[in-house]
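Secondary and tertiary structure notes
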Amino acid sequence: MVTTLAMPEPVAPPAAPRPVSVAPAAPVNPAARAVIEIDDVDFCYGASKALHDITLNIQERQVTAFIGPSGCGKSTLLRCLNRMNDLIDGAKVTAGQIRIDGVNIYDPRVDVIELRKRVGMVFQKSNPFPKSIYDNITYGLRIQGQKNKARLDEVVERSLRGAALWDEVKDRLHESALGMSGGQQQRLCIARAIAVEPEIILMDEPCSALDPIATAKVEELIHGLKKQFTIVIVTHNMQQAARCSDRTAFFYLGKLIEYADTRTIFMNPANPQTEAYVSGRFG
Amino acid sequence: MSAPTTTAAAIFNRSTPAKRVEQGAFWLLRLATYFVLLSAATIFIDIGWKGGRVVFQKQAPFINVPFLTEAPETLSVFEFDGKKMALGDRAFRQFSAAHEEKMKHVAVETYAYSAGGIFPNIVGTVLLVFGSITIALVLGVLSAVYLSEYATDGPFIRFLRLSIVNLAGVPSIVFGLFGAGLFVLTFKFGMSLLSGWLTLAFMVLPIIITASEEALKAVPKGYREGSLALGATKFQAITTNVLPYALPGILTSSVLAIARVAGETAPIMFTAAFVMRDELPWQGLSKWTDFFFQGVMALPYHIYNVASKIPQNEYTRDVQYGTVFVFLFTVAAIAMTAVILRQRLRKKYKW
């Protein structure tokens, strides 16, 4: 288990705690199935070690947030989950296992293409393709060979509704996606990810480039999506983690410092470093 | 700290050594630019004026149609009944047949290639350009995709890149001899379009590979990652979501390549270009594959010939300037099609 759960005496509470709104008593089901099991994982970029001995389980149909200061390894860990790190020369998992539904995804027999169909991803910088909205949504299905127009139309509508974007764009499906606002573009990327019906959606700081209103919309969306998908979100914004996640993992210098219910992490953290970070005293 | 008034005076119009150097440097830069401009203007005005007089004429249809539609002929100049005559081959033969008796005593001077037109040369150059650019683009884009998307950086790939860059520095005459040795003699393609295409394609490959690689690198990483994250294979990501956006940049490289391919004489003089050939490329083919195994006339080689292989006089000068003028125009027209194509693609894939 997590090494740092050994409870030191909590340090004195901060002088003026930042008001943090926490998701109202998220019904954390302790019996929920662990979809992703990360087991003693070490990860290296060439010679430099980015993750040390990470162990955590991610529950099905919950939102799990990774927080921590820049360079703490949270994005690296996220990108291990759909093997996007394979694209970087010299980057690899050097120890431990990551299992999704019990299958070690770094097993040489695992088909990365299949893995990525099941583990979708939304990036920090929204990256709609310079194609029409319709072509963006159907991209994932088309490369799988789906040509049936009726089926594609249906998926476009379902995905856009799922991303709360249908009413805004239904009249301009065949216009370029680059004409949309920043927030719409990011929701389009979410719609594009859910169009291929993954089990898990990874979000790498999805709101870092968005204004507060667009951010609120995406957060609302995340809230709705967790009924259907397991969501892992990396965020720099602690309020965001507090508002929309069920469980939160705090990373620092490539180590998992603390992992617990979001409420616990924000209201009653076990580790003084976590406490200092969530109360805004560093990072 | 000096008084405010002296400070104010110091701000205005004080000449310091640094400012004088600045002024001098500014003029040096300006003069250098003007000098370049002047040289270019001199060349273009000279060609435009003297060549324009050959290609255009005062009477309708205002363009010297025979010059653009006929093959080169030998010009015969002679004095007949006190009149100075200058006739091309066919006209001269008709004239001599008509005045057979008198012509026996007339001294005739002949000048090669100075009559007729340059149509076969235009056709040959256009064929050489399109063929070699097609081959170079296909080979070049495939290699660029491999180098920038698939190959993992290592000593071998670095050596490969270095070789490609070095290839760009090889003089064109060396490519000509290489093509003659490999395609003409070893592969027995003969002096043919195919030999010329391949030789020219190899000559411009470095330009196309280097520029295509840059164009591929300029496509944002997010498009690749976005595709891969949706379960695309690398090949699918490249063909659907990287290569289309790189096409405008690749076409820019092909504009440079077109100018080089069209202009080079050395690579084609041993591989594809004939000084003189009576048939046009589509005439007298016994089977369609013969098309690729025939030599052609080409504008740059024609210029070389009329400028250095025949005695110079005022008649040859006309054909020289006219050919150069048409040559520049042809290259510009081909390059323009690439530019227009690029503009269209840019509009289609804006990012």
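What you see is a predicted model; the values in this text were computed from it and never measured.

Residues and elements named next belong to chain A. When you tally the buried positions in strand S9 (residues 247–252), you get five out of six residues, the bulk of the element. Bridge count for S9 against strand S10 (residues 255–261) is six bridges, and the pairing is antiparallel. The residue of S10 that forms the bridge with Thr-248 is Ala-260. Taking the residues that link successive antiparallel strands as the turn, the S9-S10 hairpin has two residues, and the phi of Leu-253 there is positive, at about 50 degrees.

Take the confidence of the model for chain A next. Residues with a pLDDT of 70 or more make up 89% of chain A, whose mean pLDDT is 87. Under a pLDDT of 50 for its full length, residues 1–18 of chain A has, in the predicted model, 21 contacts with residues more than four places off or in other chains.

Turning to helix H7 (residues 212–225) of chain A, a few remarks are in order. Residues and elements named next belong to chain A. An ideal rise of 1.5 Å per residue puts 20 Å on 14 residues; H7 measures up with 20 Å between its terminal C-alpha atoms. When we look at burial in H7, the residues that qualify are Ala-214, Thr-215, Val-218, Glu-219, Leu-221, Ile-222 and Leu-225. Across the axial projection of H7, the buried residues extend over an arc of 160 degrees, all falling on one side. For H7, exposure combined with an orientation more than 90 degrees from the buried face picks out Pro-212, Ile-213 and Glu-220. Those residues of H7 that are buried lie in contact with strand S3 (63–67), helix H4 (149–162), helix H6 (182–195), strand S7 (200–204), strand S8 (230–234) and helix H8 (238–244). You can read the cap of H7 off the contacts: a side-chain oxygen lies 3.0 Å from the backbone nitrogen of Ile-213, and it is on Asp-211.

With that settled, consider the domain arrangement of chain B. Residue and element names in this part refer to chain B. Segmenting chain B into domains produces domain 1 (73–116) and domain 2 (119–348). Between the C-alpha centres of domain 1 and domain 2 there is a distance of 42 Å. Each partner contributes to the interface: domain 1 provides eight residues, whereas domain 2 provides nine residues. The junction of domain 1 with domain 2 conceals about 720 Å² of combined surface from both sides, 72% of it contributed by carbon and sulfur atoms. The tally of links between domain 1 and domain 2 comes to zero salt bridges. Linking domain 1 with domain 2 are zero residue pairs in polar contact (both at pLDDT 80 or more), by the criterion used here. Among the elements of the structure, strand S1 (72–80), strand S2 (83–87) and strand S3 (108–116) are those that each provide at least two residues to the side of domain 1 that touches domain 2. For the side of domain 1 that touches domain 2, the element with the highest residue contribution is S3, accounting for four residues.

To continue, consider helix H11 (residues 234–241) of chain B. Taken together, the buried positions of H11 of chain B are occupied by Ala-237, Ile-238 and Asn-241 of chain B. An end-on view of H11 of chain B places all buried positions within 115 degrees of arc, on one side of the element. Residues of H11 of chain B that are buried sit in contact with helix H3 (133–143) of chain A together with helix H6 (119–150), helix H10 (221–229) and helix H12 (243–263) of chain B.

A separate point is the nonpolar core. Among the nonpolar cores identified, the biggest contains 48 residues, and Leu-160 and Met-203 of chain A are the most heavily contacted of them. Beyond its immediate sequence surroundings of up to four residues, Met-203 of chain A is in contact with Leu-78, Val-122, Ile-190, Ile-222, Leu-225, Ile-231, Val-232, Ile-233 and Val-234 of chain A. Leu-198, Ala-201, Ala-257 and Ile-268 of chain B belong to the second largest nonpolar core, which has 46 residues in total.

Next up on the list: the sheet that holds S10 of chain A. Residues and elements named next belong to chain A. Taken in spatial order, the six strands of this open sheet run S6-S7-S8-S3-S9-S10, and their pairing is mixed. Of all strands in the sheet, those bounded by a partner on one side alone are strand S6 (119–122) and S10. For this sheet the average axis-to-axis angle between neighbouring strands, irrespective of direction, equals 15 degrees. Contacting S3, S7 and S8, H7 runs over the sheet at an angle of about 150 degrees to S8.

Residue and element names in this part refer to chain A. Note: strand S1 (residues 34–45) against strand S2 (residues 48–59), eight bridges, orientation antiparallel. Residue Ile-38 lies in a different strand from S2, and its bridge partner there is Leu-56. If you look at the hairpin formed by S1 and S2, you'll find two residues sitting between the two strands, and Gly-46 has a positive phi there, around 60 degrees. In terms of strand pairing, S1 meets strand S4 (residues 91–100) through eight bridges, oriented antiparallel. Bridge pairing in S4 links Asp-39 to Gln-97.

About the cut-offs
- Residues numbered from 1 in each chain as written.
- Chains lettered and ligands numbered in written order.
- Predicted model: local features only at pLDDT ≥ 70, side-chain atom pairs only at ≥ 80, totals over all residues.
- Heavy atoms only, no water.
- Buried < 20%, exposed > 50% of the residue type's maximum accessible area, 1.4 Å probe, protein only.
- Helix = DSSP H or I, 4+ residues; strand = E, 2+ residues; numbered from the N terminus.
- Pairing = 2+ DSSP bridges.
- pLDDT = per-residue confidence, 0-100.
- Contact = heavy atoms within 4.5 Å.
- Expected span 1.5 Å × (residues − 1).
- Arc of directions from axis to C-beta.
- Polar contact = N/O pair within 3.5 Å; in protein donor to acceptor, adjacent residues only side chain to side chain.
- Domains from an automatic or database assignment.
- Buried area = accessible area lost by both parts, 1.4 Å probe.
- Salt bridge = Lys/Arg side-chain N within 4 Å of Asp/Glu carboxyl O.
- Core = buried A, V, L, I, M, F, W, Y, C linked by side-chain atoms within 4.5 Å.
- Axes fitted to C-alpha atoms, helices over the stretch in contact; angles between N-to-C directions.

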